[in-house]
Amino acid sequence: MELVLTRIAKRRNYTIGRLAVRERVDDEFLAGDREVYLCDTLEPTWRDIGWGKKGRKVAGKTAIPEGRYPVVITKSEKFGIWLPLLLGVPRFEGIRIHAGNTVADTEGCILVGENLKKGMVLNSNKCLKRVKEKIVEAKETGEGVWIVIC
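What counts and how
- Residues numbered from 1 in each chain as written.
- Predicted model: local features only at pLDDT ≥ 70, side-chain atom pairs only at ≥ 80, totals over all residues.
- Heavy atoms only, no water.
- Phe/Tyr/Trp six-rings, centres within 6.5 Å; stacked < 30°, edge-to-face > 60°.
- Lys NZ or Arg CZ within 6 Å of the ring centre and 35° of its normal.
- Salt bridge = Lys/Arg side-chain N within 4 Å of Asp/Glu carboxyl O.
- Helix = DSSP H or I, 4+ residues; strand = E, 2+ residues; numbered from the N terminus.
- Buried < 20%, exposed > 50% of the residue type's maximum accessible area, 1.4 Å probe, protein only.
- Contact = heavy atoms within 4.5 Å.
- 1 Å grid on protein atoms, 1.4 Å probe; cavity = no way out; pocket = protein on both sides within 12 Å on 5 of 7 lines; lining within 4 Å.
- Points joined across faces, edges and corners; volume = space filled by probe spheres on them.
- Nonpolar A, V, L, I, M, F, W, Y, C, P; charged D, E, K, R; others polar.
- Pairing = 2+ DSSP bridges.

Trainee: Any details on the packing of aromatic side chains? Residues and values, ideally.
Mentor: Under the counting rule described, the total for this entry stands at zero aromatic pairs. Across from the ring centre of Trp146, 4.1 Å away, lies the NZ or CZ of Arg68, which sits over that ring.

Set out below in C-alpha cells:
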C-alpha cells in the first residue's frame, strides 16, 4: 500500500498537506492508479534541506524531506500507544504520524486531521484512527506500506 502526502500550502510557520491512499483500479472503464483522500496533514514549516540544496534543519521545527519512506506501526514511548513510524528519513529520527492540532504539537512529525481552521487540523483522533486502520489492513495481508511525500 502506498500513502501519498501532497504538500499544498508551505507557509512561514507550518505546512498543510493532503493524505491519500494510492489504489490500483482495473475495471472495464478505468485502468491505472487513483488516489483516495484520507485526511489533511499539518507539519512544521518546510525548509528545503535536500542534499546539495540550501536550507537548514531546525530540530523539531522542520518538515521532513520529500521522498518515499517505509512505514511500520510500533508502540510510541512518548504517547504510550501504537502509531505509524516512518523509517529511513535522512537526518531525522522518530518521525511519526499522530494526532494533534497545531504546529506546536508536531515536533517534526506529521499530524493528521481536517484543515478546518487556518494553520490547524481538527478531528485529529478520528483521522488517526482511519489512517491506522488502513495501515493495519495492509500489514495483515503481508503488504508493505510506504509513504510518498511530495
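Further notes follow.
Trainee: Requested: an account of the pattern of salt bridges, with residues and values cited.
Mentor: Across all of its chains, the model carries nine salt bridges by this definition. A salt bridge links Glu66 to Lys10, with the shortest nitrogen-to-oxygen separation between them at 3.3 Å. A residue pair is termed long-range when its members are at least 10 positions apart, and Glu66 in the loop between β3 (31–43) and β4 (67–75) and Lys10 in strand β1 (residues 2–10) qualify at 56 residues. Taking the relative accessible area as the measure of exposure, Lys10 reaches 39% and is therefore partly exposed. Here Asp40 and Arg18 are joined by a salt bridge, their closest N and O atoms 2.3 Å apart. Remark: Arg18 occurs in strand β2 (residues 15–26) and Asp40 occurs in strand β3; sequence separation between them is 22 residues. Using a relative accessible area of 6% as the deciding quantity, one classes Asp40 as buried.

Trainee: Account for the side chain of His98, with residues named and values stated.
Mentor: By the secondary structure assignment, His98 is in strand β6 (residues 97–98). The contacts of His98, once residues within four sequence positions are left out, are Phe79, Leu83, Asp105, Thr106, Cys109, Ile110, Leu111, Val112, Ser124 and Leu128.

Trainee: Could you give me a rundown of the layout of surface pockets, with the residues and numbers involved?
Mentor: Volume-wise, the largest pocket comes out at about 160 Å³. The wall of the largest pocket is formed by Ser76, Glu77, Lys78, Phe79, Gly94, Arg96, His98, Asp105, Thr106, Glu107 and Cys109. Here the residues of the lining of the largest pocket sort into two nonpolar, four polar and five charged.

Trainee: An account of the pairing of β4 is requested, with residue identities and associated values reported.
Mentor: Relative to strand β8 (residues 146–149), β4 runs antiparallel, the two being bridged by four bridges. Each residue of the ladder has a partner; that of Pro70, found in β8, is Trp146. As paired elements, β4 and strand β5 (residues 82–86) share five bridges and run antiparallel to each other. Bridge pairing links Ile73 to Pro84 in β5. Hairpin connection between β4 and β5: a loop of six residues separates the two successive antiparallel strands, and Gly80 in this loop has a positive phi of roughly 75 degrees.

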